[in-house]
Amino acid sequence: QKEAGKAKDLQELKKLFTLMDADGSGTLSWSEFKDSFDDPEMARKWMLLDFQPEECKELFSLLDDGDGEIETDEFFDGLGRMKGMAQSKDIFRMQKSLDAMQGRLGAV
């Protein structure tokens with residue numbers, strides 16, 4: 001039953017990604033991502049995933065690997081790791097910050 005729940009969640013995320021990908025490129029630009037929080041139906045889906053409109057920019061930054069677009073793998077991996085209790089989202093946020101710091105320190 002747990003596997004069926006995961007499969008259903010994955011299907012919902014795939015639908016959300018497809019709805020957001022306005023140009024059909026297979027990636028989400030900042031504009032496409034932001035627009036999804038402005039659309040009432042999609043904003044409701046985000047709220048069901050425990051994300052509020054005011055978290056839009058931060059969420060994009062967390063999911064993006066730094067190239068300015070979110071690819072499908074980044075989207076599913078990131079949201080999959082954040083799904084669940086709010087603490088999971090906080091831990092993922094911290095990990096991304098640490099990764100960014102390590103990258104900057106490694107460049108020094």
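Residues numbered from 1 in each chain as written. Predicted model: local features only at pLDDT ≥ 70, side-chain atom pairs only at ≥ 80, totals over all residues. Heavy atoms only, no water.

Draft legend 1. A look at the overall build of the chain. Across its full length, the chain holds six helices and two strands. Its helices and strands in sequence order give the chain the pattern α-β-α-α-α-β-α-α, from N to C terminus. Considering the chain as a whole, with its 108 residues, one finds that 30% of them fall into the buried category. Relative to all contacts within the chain whose residues are 6 or more apart in sequence, the contacts with residues 24 or more apart total 55%. (Helix = DSSP H or I, 4+ residues; strand = E, 2+ residues; numbered from the N terminus. Buried < 20%, exposed > 50% of the residue type's maximum accessible area, 1.4 Å probe, protein only. Contact = heavy atoms within 4.5 Å.)

Draft legend 2. Summary view of a nonpolar patch on the surface. Among the surface-exposed residues, Met94, Leu98 and Met101 lie close enough to one another that they form a single nonpolar patch of about 290 Å² accessible area. Looking at the element boundaries, Met94 is found in helix α6 (residues 86–107). (Patch = residues over 30% accessible without salt bridge, like charges linked within 9 Å, V, L, I, M, F, W, Y side chains within 5 Å. Areas by Shrake-Rupley, 256 points an atom, 1.4 Å probe, with all protein chains shown as cover. Salt bridge = Lys/Arg side-chain N within 4 Å of Asp/Glu carboxyl O.)

Draft legend 3. Spotlight on the nonpolar core. Formed by 20 residues in total, the largest nonpolar core has its most connected members in Phe33, Trp46, Leu59, Phe75 and Leu79. Of all the elements in the fold, those that place two or more residues in this core are α1 (2–20), α2 (30–38), α3 (40–48), α4 (56–63) and α5 (72–82). When residues of this core are assigned to their parent elements, the largest contribution, five residues, is made by α4. Beyond its immediate chain neighbours, meaning those up to four positions away, Trp46 contacts Leu16, Met20, Phe33, Ser36, Phe37, Phe51, Leu59, Phe75 and Leu79. (Core = buried A, V, L, I, M, F, W, Y, C linked by side-chain atoms within 4.5 Å.)

Draft legend 4. Examining the confidence of the model for the chain more closely. Looking at the chain, pLDDT values average 84 and 89% of them are 70 or higher. Per-element confidence in the chain is highest for strand β1 (residues 27–29), whose mean pLDDT is 96, and lowest for α1, whose mean pLDDT is 77. (pLDDT = per-residue confidence, 0-100.)

Draft legend 5. Summary view of α5. Those residues of α5 not exposed but buried are Glu74, Phe75, Gly78, Leu79 and Met82. Taken end-on, α5 shows its buried residues confined to a sector of 105°, consistent with a single buried face. (Arc of directions from axis to C-beta.)

Draft legend 6. Here's a closer look at the pattern of salt bridges. For the coordinates displayed, the defined rule picks out two salt bridges. The closest approach of N and O atoms between Glu12 and Lys15, which form a salt bridge, is 3.5 Å. With Glu12 and Lys15 both in helix α1 and three residues apart, this pair spans about one turn of that helix. A salt bridge links Lys45 to Glu12; the nearest nitrogen and oxygen atoms lie 4.0 Å apart.

Draft legend 7. Representation of α2 within the structure. Buried residues of α2: Glu32, Phe33, Ser36 and Phe37, and no others. The buried residues of α2 occupy an angular sector of 145° when the element is viewed end-on, so they sit on one face.

Draft legend 8. Here's a closer look at the packing of α2 against α4. Orientation of α2 relative to α4, taken along the N-to-C sense of each, is 140°, at an axis distance of 10 Å. Here α2 lies oblique to α4, going by the angle between them. Where α2 crosses over α4, the handedness of that crossing is right-handed. Mapping the contact onto sequence places Trp30, Phe33, Lys34 and Phe37 in α2 and Cys56, Lys57, Leu59, Phe60 and Leu63 in α4. (Axes fitted to C-alpha atoms, helices over the stretch in contact; angles between N-to-C directions. Parallel < 35°, antiparallel > 145°, perpendicular 65-115°, else oblique. Left-handed = near helix turned anticlockwise from the far one by under 90°.)

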